[in-house]
Amino acid sequence: MRSSFWILAKPGLKAASFLVPSVATTQNIDAVINQAVQPLADAVSSFIFYSVRVGNADVPLIVCWLIIGALFFTVYLGFINIRGFRHAIDIVRGRYADPDHKGEITHFQALTTAVSGTVGIGNISGVAITVSLGGPGAIFWLIIAGLVGMTTKFVECTLGVKYRQINSDGSTSGGPMYYLRDGLKKRGLGGLGKFLGLFYACSIVIGCLGIGNMFQSNQAYMQMVAVSGGESSLLDDKGWLVGLVMALIVGAIIIGGIKSIARITAKLVPFMVLLYLIGALVVIVMNLSALPQAFATIIEGAFSAEGVAGGMVGVMILGFQRAAFSNEAGIGSAAIAHSAVQTDRPLTEGFVALLEPFIDTVVICTLTGLVLVLAFDTPTLMGGGLAGIEMTSAAFASQISWSPLPLSIVALLFAFSTMLAWAYYGTKGWTYIVGAGRNRELLFGLIFCIFIVIGASVELSAILDFADALIFVMAIPNLIGLYILAPEIREDLKQYWARRSVLEDPDQ
């Protein structure tokens with residue numbers, strides 16, 4: 001995930017430390033709002049991000065909740081993240097596509113839409129923060145967590161399609177709200193499912209306005225100011241103007257619904273990911289002779305972790321939390337996008353979804369980590385005074401002097417694509433609560449765009465803290481539902497493999 005890397009990456013580090021100070025006329029408003037919301041934000045955050053001591057390490061329980069779930073489903077489903085990888089690629093390529101199936105977008109479009117919601121600024125800056133705290137060894141545990149997170153995505157996105165609702169106009173509505181409500185009802189837990197579904201919907205509506213919206217527009221504004229001259233930039237103190245332009249662009253896209261969003265992300269996501277990968281690979285190739293030593297440093301650091309708070313356990317937790325917060329496996333948000341796919345076989349979209357953590361965490365985050373390790377030695381990474389996107393930018397610049405400019409462009413694209421995906425997620429949570437309808441969708445779209453302007457204009461750290469906590473509290477009801485419905489998924493998977501010979505024939 002793009003925003004939440006600071007919450008657990010460094011105790012006491014608040015969202016406000018990343019925000020641009022606003023003009024004087026808004027500071028009093030900021031202070032009043034923050035003062036009113038901060039007590040609630042602190043209470044919710046302290047509950048969601050509660051930590052326990054394991055040896056000398058502080059272990060956030062929400063991270064344990066996500067990782068234990070990922071490990072359980074990986075073993076329970078027979079390492080489907082590995083066995084189903086090739087099949088997932090075949091599905092994305094369109095081998096089993098049928099335009100007559102119900103749904104609104106292709107498998108590839110569903111994947112790019114969901115990836116646009118997970119690949120973001122956190123892949124650039126969050127990894128650097130993690131490495132600065134845990135050293136190179138955190139990258140190893142990040143990879144492991146990304147691999148097991150693939151299975152969680154498989155489960156939640158399969159259920160998203162299986163329990164989706166086909167509306168009268170042919171559009172789809174799906175996600176954790178629906179499989180919590182209807183899936184648990186089928187198993188005699190209707191009251192619990194109804195409560196969990198409504199709780200999830202309320203959380204994602206509020207949460208999307210913070211981390212999927214305000215944070216993204218604020219970070220995009222920061223990047224634009226930085227690359228255009230900093231304090232001397234013409235854009236300095238004009239966050240409202242930048243926010244307004246972004247809001248108009250986002251609004252023009254999301255007004256067309258998931259089909260419009262998918263058309264843009266299908267083009268934008270491959271481009272921005274490829275641009276970043278090329279830059280990272282160029283740096284790696286330039287330092288090819290040092291690559292074996294870089295891998296050795298990462299592996300050694302994963303099991304020794306000298307100088308890291310909590311030792312090996314501490315660095316393991318740092319790597320796991322960066323992966324969990326980057327790919328959102330267990331949060332359930334991606335299931336909303338995947339529910340719109342054209343398919344009559346829910347498991348096919350589960351296979352597609354397992355590629356997300358691989359792309360987001362195993363590939364992009366790992367390449368970021370390698371660039372950092374190749375550019376700086378461990379003492380510099382952990383005590384050089386740089387962190388976040390500044391460290392990543394410095395690592396690229398140490399190899400390619402002009403690289404900060406394209407890196408800033410990538411960061412802007414990451415933020416923009418994230419807003420598109422989370423606008424859709426929030427809309428589906430909204431219509432689950434208030435009911436479906438075009439006017440209701442447009443109303444939420446307007447609210448979402450207004451918050452883009454607010455995010456770029458003012459400093460509302462308390463609201464961002466509160467929204468962030470609500471995003472991760474969604475993992476609690478979501479994983480409860482996944483555990484209850486796990487036997488159903490395993491039986492469906494058993495039947496799916498039994499019919500594999502039929503599926504291999506596109507004419508069947």
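It should be emphasised that the depicted structure is a prediction, and the values quoted were computed from it without experimental measurement.

Trainee: Go over the nonpolar core, please, and point to the residues and values.
Mentor: Counting residues in hydrophobic clusters, the biggest one holds 142 residues, and the most contacted among them are Phe 154, Phe 351, Tyr 425 and Phe 448. Residue contributions to this core peak at 15 residues, all from helix 20 (residues 404-434). Apart from the residues lying within four places of it in its own chain, the contact partners of Phe 154 are Leu 77, Ile 80, Leu 347, Gly 350, Phe 351, Leu 354, Ile 489 and Leu 493.

Trainee: An account of the side chain of His 87 is needed here, citing residue identities and associated values.
Mentor: Inspection of the secondary structure puts His 87 in helix 5 (residues 85-92). Side chain to side chain, His 87 and Tyr 496 meet in a polar contact 2.6 Å long. Dropping the residues within four chain positions of it, His 87 is found in contact with Tyr 96, Phe 351, Tyr 496 and Arg 500.

Trainee: Tell me what's going on with the packing of helix 8 (residues 137-162) against helix 17 (residues 355-375), and back it up with residues and numbers.
Mentor: Viewed as axis vectors pointing N to C, helix 8 and helix 17 meet at an angle of 170°, and their least axial separation amounts to 8 Å. Accordingly, the angle class assigned to the pair helix 8 and helix 17 is roughly antiparallel. Counting all contacts with helix 8, which are made through Ile 139, Leu 142, Ile 143, Gly 146, Leu 147, Gly 149, Met 150 and Lys 153, the residues of helix 17 involved are Glu 356, Pro 357, Phe 358, Thr 361, Val 362, Cys 365, Thr 366, Gly 369, Leu 370 and Val 373. Residue composition of the contact of helix 8 with helix 17, by class: eleven nonpolar, five polar and two charged.

Trainee: Which residues make up the packing of aromatic side chains, and what values do they have?
Mentor: For the structure on display, the rule yields 20 aromatic pairs. Look at Trp 141 and Phe 303: their rings are 5.5 Å apart centre to centre, the planes differ by 65°, and that puts the pair in the edge-to-face class. Separated by 162 residues along the polypeptide, Trp 141 in helix 8 and Phe 303 in helix 13 (residues 291-303) bring together distant segments of the chain. Exposure remark for Trp 141: the relative accessible area of 10% places this residue in the buried category. Arranged with centres 5.9 Å apart and planes meeting at 55°, the rings of Tyr 276 and Phe 396 form a pair that is tilted. Taken together, the residues span a long stretch of sequence, with Tyr 276 in helix 12 (residues 257-286) and Phe 396 in helix 19 (residues 389-399) at a distance of 120 residues. Taken together, the ring pairs connect Trp 65, Phe 72, Phe 73, Tyr 76 and Tyr 483 into an aromatic cluster.

Trainee: Can you lay out the pattern of salt bridges for me, pointing to particular residues and giving the numbers?
Mentor: Tallied over the entire structure, the rule returns eight salt bridges. Between Lys 153 and Glu 356 there is a salt bridge, with the nearest N and O atoms lying 2.8 Å from each other. With Lys 153 in helix 8 and Glu 356 in helix 17, this residue pair connects regions lying 203 residues apart in the sequence. For the pair shown, Lys 153 and Glu 356 are each scored as buried. Lys 162 is the salt-bridge partner of Asp 492, the closest N and O atoms lying 2.6 Å from each other. With Asp 492 in helix 23 (residues 475-498) and Lys 162 in helix 8, this pair connects stretches of sequence that are 330 residues apart. We classify Asp 492 as partly exposed; its relative accessible area is 21%.

How each quantity is defined
- Residues numbered from 1 in each chain as written.
- Predicted model: local features only at pLDDT ≥ 70, side-chain atom pairs only at ≥ 80, totals over all residues.
- Heavy atoms only, no water.
- Core = buried A, V, L, I, M, F, W, Y, C linked by side-chain atoms within 4.5 Å.
- Buried < 20%, exposed > 50% of the residue type's maximum accessible area, 1.4 Å probe, protein only.
- Helix = DSSP H or I, 4+ residues; strand = E, 2+ residues; numbered from the N terminus.
- Contact = heavy atoms within 4.5 Å.
- Polar contact = N/O pair within 3.5 Å; in protein donor to acceptor, adjacent residues only side chain to side chain.
- Axes fitted to C-alpha atoms, helices over the stretch in contact; angles between N-to-C directions.
- Parallel < 35°, antiparallel > 145°, perpendicular 65-115°, else oblique.
- Nonpolar A, V, L, I, M, F, W, Y, C, P; charged D, E, K, R; others polar.
- Phe/Tyr/Trp six-rings, centres within 6.5 Å; stacked < 30°, edge-to-face > 60°.
- Salt bridge = Lys/Arg side-chain N within 4 Å of Asp/Glu carboxyl O.

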